[in-house]
Amino acid sequence: LFDGVYPFYPQQRKAAGFNINTIIVIVVFLTLACSFLLIIPGIRGRARLYWTFRVLLSLFVGVVIVVVQFTGDWETGWVQANTSYKSFSNAVVNADIGLHIGLEGVNITLKGNPVNQINETINYNEHFSWSFDANYDRSYSEGLQKGLPSPILYVAEKFTTQSPCAVHRQYRISGHYASATLWVAFCTWIISNILFSMPALVYGGYMLLVTGAFAIFSLLSFSTVRNSPMCQIQIGTSTLHVAYGASFWLTLVIGLLCFVAGITVVALHHLNLDLLKTFFDLREDKAEEYQEMAEVFVNYHGVNKGL
């Protein structure tokens with residue numbers, strides 16, 4: 001045995017700690033942020049502070065819009081219960097059962113208290129996808145063939161197409177349209193940054209408002225799942241309840257933040273354009289142009305002679 005596992009055989013399954021797509025997105029945006037921080041010392045005066053605030057805030061909005069596409073905590077629920085471990089067995093374990101619902105599927109976790117019970121390591125995190133290029137029922141059938149623990153299969157069965165709960169179609173469509181509107185919000189976020197750099201400040205503010213609107217639309221799309229009553233998930237003597245998770249509330253914060261930023265830009269454009277230009281480091285450029293024009297010398301003798 002090698003660490004409790006026969007050599008030349010597949011290793012034991014381990015619970016997933018983090019989504020690889022989320023890691024990739026975060027690394028890309030962190031690289032952009034670090035690259036900007038390397039050049040920020042070259043900006044003089046108060047403009048350095050304005051540039052830092054604008055760029056980091058914009059990158060934060062962009063990374064959240066993309067990351068929440070791959071997270072699995074739009075709805076979450078936890079329960080601790082004494083439950084049977086596997087079918088055709090009388091073994092009962094004490095474990096934490098977690099339900100994490102995302103836009104593309106559901107993650108079901110099972111972690112023992114303690115982790116090592118009945119001579120086994122109870123630490124599972126199984127993903128069942130309902131995206132349009134996946135087959136949820138087939139994933140559930142594969143889980144049955146692998147002999148996954150009973151609590152995981154019991155919770156996963158609630159979301160199958162044949163389940164009396166009838167929530168599979170609602171979650172699948174709601175998640176699809178929420179994801180689509182978030183990608184539109186990401187595109188409008190890119191356009192707003194392009195407009196701010198042109199610079200067309202007021203139109204950049206308008207696009208920020210559109211970005212916030214599509215972020216809110218994604219929340220409205222996902223919240224339609226509450227129109228279908230969720231079946232009671234009874235595990236032992238405890239009931240697992242789900243509520244909106246971190247990704248849902250973070251998307252709401254980003255939507256409201258885009259609304260506040262967009263309204264501020266548009267209001268300053270109409271009420272105090274000089275202050276807006278100062279914040280976007282445009283007023284100093286104009287002053288330098290005027291200073292250069294003031295240093296031009298004119299030969300009035302040549303002008304008079306020509307006339």
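- The protein chain goes by DOXA2 factor in an unreviewed UniProt entry, where it is assigned to Sakesphorus luctuosus.
- Word for word, the UniProt comment on the protein chain under Subcellular location (unreviewed entry) is "Membrane".

### Side note on the environment of D73
Phase 1 of the analysis: In this structure, D73 sits in the loop between α2 (47-67) and β1 (75-84).
Phase 2 of the analysis: For D73, a relative accessible area of 24% corresponds to the partly exposed category.
Phase 3 of the analysis: With sequence-adjacent residues up to four places away left out, D73 is seen in contact with I101, G245, A246, S247 and F248.
Phase 4 of the analysis: Reaching out from D73, the side chain makes a polar contact with the side chain of S247 at a distance of 2.3 Å.

### Focus on helix α1 (residues 20-39)
Phase 1 of the analysis: For α1, spanning 20 residues, the distance from its first C-alpha to its last is 29 Å, which sits close to the expected 28 Å at 1.5 Å a residue.
Phase 2 of the analysis: Regarding α1, the residues found buried are T22, V25, F29, A33 and F36. On an axial view of α1, the arc spanned by its buried residues comes to 75°, and they lie on one face. Pointing more than 90 degrees away from the buried face of α1 are the exposed residues I20, L38 and I39.
Phase 3 of the analysis: In this structure, the buried side of α1 is in contact with α2 and α5 (168-197).

### Some details on the nonpolar core
Phase 1 of the analysis: Within the largest apolar cluster, 59 residues are counted, with the highest numbers of intra-cluster contacts made by L99 and F159.
Phase 2 of the analysis: For this core, the element with the highest residue contribution is α2, accounting for nine residues.
Phase 3 of the analysis: For this core, the two domains that each supply at least three residues are domain 1 (20-72 + 170-227 + 245-279) and domain 2 (75-166).
Phase 4 of the analysis: Residues in contact with L99, not counting those within four places in the same chain, are E75, T76, G77, V106, N107, I108, V155, F159, I233, L240 and V242.
Phase 5 of the analysis: If you look at the next biggest cluster of nonpolar residues, it comprises six residues, including F196, L201, L208 and L276.

### What about the packing of aromatic side chains?
Phase 1 of the analysis: Applying the stated criterion across every chain yields a total of 20 aromatic pairs.
Phase 2 of the analysis: An angle of 85° between the planes, with centres 5.2 Å apart, marks the rings of F248 and W249 as edge-to-face.
Phase 3 of the analysis: Assessed through its relative accessible area of 7%, F248 is described here as buried.
Phase 4 of the analysis: By the ring-pair criterion, three or more aromatic residues cluster together here, those being W74, F128, W130, Y136, F159, Y171, F222, Y244, F248 and W249.
Phase 5 of the analysis: Of note, R54 hangs over the ring of W51, and the distance from its end group to the ring centre comes to 4.4 Å.

### A few points about the packing of α2 against helix α7 (residues 246-271)
Phase 1 of the analysis: Viewed as axis vectors pointing N to C, α2 and α7 meet at an angle of 140°, and their least axial separation amounts to 10 Å. Between α2 and α7, the interaxial angle falls into the category oblique. At the point where α2 passes α7, the crossing takes the left-handed sense. Listed contacts from α7 to L57, F60, V61, V64 and I65 of α2 are L250, I254, L257 and C258.
Phase 2 of the analysis: Here the contact of α2 with α7 is built from residues that sort into nine nonpolar, no polar and no charged.

### Digging into the state of the cysteines
Phase 1 of the analysis: On inspection of all chains with the given rule, the structure shows one disulfide.
Phase 2 of the analysis: Paired through a disulfide, C165 and C231 show a sulfur-sulfur distance of 2.1 Å. Between C165 and C231 the sulfur-sulfur dihedral comes to about -130°; the bridge is accordingly left-handed. Linking C165 in the loop between α4 (150-157) and α5 with C231 in the loop between α6 (201-223) and β5 (233-235), this pair joins segments that are 66 residues apart in sequence.

### Some details on the environment of L250
Phase 1 of the analysis: Structurally, L250 can be placed in helix α7.
Phase 2 of the analysis: C-alpha separation for the pair L250 and V68, spaced 182 residues apart in sequence, amounts to 8.4 Å.
Phase 3 of the analysis: In this structure L250 touches F60 and V64, once residues within four positions along its chain are discounted.

### Structural notes on the UniProt feature "transmembrane region" (unreviewed entry) in the protein chain
Phase 1 of the analysis: Within this structure's numbering, the places UniProt gives as "transmembrane region" (unreviewed entry) are residues 20-39, 51-70, 177-196, 203-222 and 242-268.
Phase 2 of the analysis: Spanning residues 203-222, this segment combines 100% helix with 0% strand, and its end C-alpha atoms are found 29 Å apart.

### Quick look at the pairing of strand β4 (residues 120-129)
Phase 1 of the analysis: In this structure, strand β3 (residues 105-117) lies alongside β4, joined through nine bridges in antiparallel fashion. Considered in β4, the bridge of Q117 is made with E120.
Phase 2 of the analysis: Taking the residues that link successive antiparallel strands as the turn, the β3-β4 hairpin has two residues, and the phi of I118 there is positive, at about 45°.

### Quick word on a nonpolar patch on the surface
Phase 1 of the analysis: A cluster of nonpolar side chains, namely I20, I23, I24, V27, V28 and L32, defines an oily patch on the protein surface of about 520 Å² accessible area.
Phase 2 of the analysis: For V28, the location among the structural elements is in helix α1.

### A word on the confidence of the model for the protein chain
Phase 1 of the analysis: Looking at the protein chain, the pLDDT average stands at 83 and 85% of residues meet or exceed 70.
Phase 2 of the analysis: Contacts for the low-pLDDT stretch residues 8-12, under 50 throughout, to residues beyond four places or in other chains number three contacts.
Phase 3 of the analysis: With pLDDT under 50 throughout, residues 285-294 is counted as low confidence; its partners more than four residues away or in other chains account for one contact.

Criteria and thresholds
Residues numbered from 1 in each chain as written. Predicted model: local features only at pLDDT ≥ 70, side-chain atom pairs only at ≥ 80, totals over all residues. Heavy atoms only, no water. UniProt positions renumbered as here; feature names shortened; annotations may be inferred. Helix = DSSP H or I, 4+ residues; strand = E, 2+ residues; numbered from the N terminus. Buried < 20%, exposed > 50% of the residue type's maximum accessible area, 1.4 Å probe, protein only. Contact = heavy atoms within 4.5 Å. Polar contact = N/O pair within 3.5 Å; in protein donor to acceptor, adjacent residues only side chain to side chain. Expected span 1.5 Å × (residues − 1). Arc of directions from axis to C-beta. Core = buried A, V, L, I, M, F, W, Y, C linked by side-chain atoms within 4.5 Å. Domains from an automatic or database assignment. Phe/Tyr/Trp six-rings, centres within 6.5 Å; stacked < 30°, edge-to-face > 60°. Lys NZ or Arg CZ within 6 Å of the ring centre and 35° of its normal. Axes fitted to C-alpha atoms, helices over the stretch in contact; angles between N-to-C directions. Parallel < 35°, antiparallel > 145°, perpendicular 65-115°, else oblique. Left-handed = near helix turned anticlockwise from the far one by under 90°. Nonpolar A, V, L, I, M, F, W, Y, C, P; charged D, E, K, R; others polar. Disulfide = S-S within 2.5 Å. Pairing = 2+ DSSP bridges. Patch = residues over 30% accessible without salt bridge, like charges linked within 9 Å, V, L, I, M, F, W, Y side chains within 5 Å. Areas by Shrake-Rupley, 256 points an atom, 1.4 Å probe, with all protein chains shown as cover. Salt bridge = Lys/Arg side-chain N within 4 Å of Asp/Glu carboxyl O. pLDDT = per-residue confidence, 0-100.

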